[in-house]
Amino acid sequence: MSSSVKPVDFAAIKSISEGNRYDNREIYIVDVRNPSEFSGGAIPRAVNIPLPDLGAALDLPPAEFKSKYGFELPDPASTDKGLVVHCQMGGRAAKAANALVDKKKYEDNLYIYSPGWREFSSKI
């Protein structure tokens, strides 16, 4: 995983899921698990973009991305918006983070919640 991706812990993801800013940014939570996992329980405010669909999602024109996923993909250089990716236990989230760095050049505004849904669901 790229060294530019910053980890967040349970307290941070819980706060983000409650609509709070993190690192002075509005953060969108991207859950890269498959739809059946997502429908079985998800972090509040998370948007499901399964890992196999992520590459195609990143290629969508901005209006089509927003229509399909319900939010505008933040600009990689944005100082006031960002993304946090997560999955069940971290493996797919790391792949997603790499794709975001490689394809869209995310750096300062990309975060990962590696413990994922497994930890979050055990603490709520």
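Residues numbered from 1 in each chain as written. Predicted model: local features only at pLDDT ≥ 70, side-chain atom pairs only at ≥ 80, totals over all residues. Heavy atoms only, no water.

Undergrad: Talk me through the sheet that holds strand β3 (residues 46-48); I want residue IDs and the actual numbers.
TA: The strand order across the open sheet built from 5 strands is β1-β5-β4-β2-β3, with neighbouring strands paired in parallel fashion. With one partner strand each, in any of the chains shown, β1 (6-7) and β3 form the two edges of the open sheet. Set on the sheet, helix α1 (residues 10-17) makes contact with β2 (26-31), β4 (81-86) and β5 (110-113); between it and β2 the angle comes to about 105°. (Pairing = 2+ DSSP bridges. Helix = DSSP H or I, 4+ residues; strand = E, 2+ residues; numbered from the N terminus. Contact = heavy atoms within 4.5 Å. Axes fitted to C-alpha atoms, helices over the stretch in contact; angles between N-to-C directions.)

Undergrad: Report on helix α5 (residues 91-104), specifying residues and quantitative values.
TA: Counted at 1.5 Å a residue, the expected span for α5 with its 14 residues is 20 Å, and the 20 Å between its end C-alpha atoms agrees. Within α5 the residues assigned to the buried category are A93, A96, A97, L100 and V101. The arc enclosing the buried residues of α5, seen along the axis, measures out at 135°, which places them on a common side. Facing away from the buried surface of α5 by more than 90 degrees, the exposed residues are K95 and D102. Against the buried residues of α5 lie α3 (51-59), β4 and β5. (Expected span 1.5 Å × (residues − 1). Buried < 20%, exposed > 50% of the residue type's maximum accessible area, 1.4 Å probe, protein only. Arc of directions from axis to C-beta.)

Undergrad: So, unusual backbone geometry: which residues are in play, and what are the values?
TA: Despite not being glycine, N24 has its phi angle at roughly 60°, a positive value. Despite not being glycine, R45 has its phi angle at roughly 75°, a positive value. Structurally, R45 is set in the loop between α2 (35-39) and β3.

Undergrad: Tell me about the nonpolar core, and name the residues and values.
TA: Judged by nonpolar contacts, the single largest core of 23 residues is most densely connected at I49, F71, L83, V85 and L110. Of all the secondary-structure elements, those providing two or more residues to this core are β2, α3, α4 (62-69), β4, α5 and β5. Here the element with the most residues in this core is α5; it accounts for 5 residues. Sequence-distant contacts of L83, defined by excluding residues within four places in its chain, comprise I27, Y28, V30, F71, L73, P74, L100, Y106, N109, L110 and Y111. (Core = buried A, V, L, I, M, F, W, Y, C linked by side-chain atoms within 4.5 Å.)

Undergrad: Account for the pattern of salt bridges, with residues named and values stated.
TA: Here the idea is simple: oppositely charged side chains can pair when their charged atoms come close. For the structure on display, the rule yields 7 salt bridges. With its nearest N and O atoms 2.8 Å apart, the salt bridge here joins R33 to D31. Judged by its relative accessible area of 1%, R33 falls in the buried class. Looking at D31, the relative accessible area reads 0%, which means it is buried. In this structure, K103 engages D59 in a salt bridge whose closest nitrogen and oxygen atoms are separated by 3.2 Å. Here K103 is found in helix α5, whereas its partner D59 is found in helix α3, with 44 residues between them in sequence. (Salt bridge = Lys/Arg side-chain N within 4 Å of Asp/Glu carboxyl O.)

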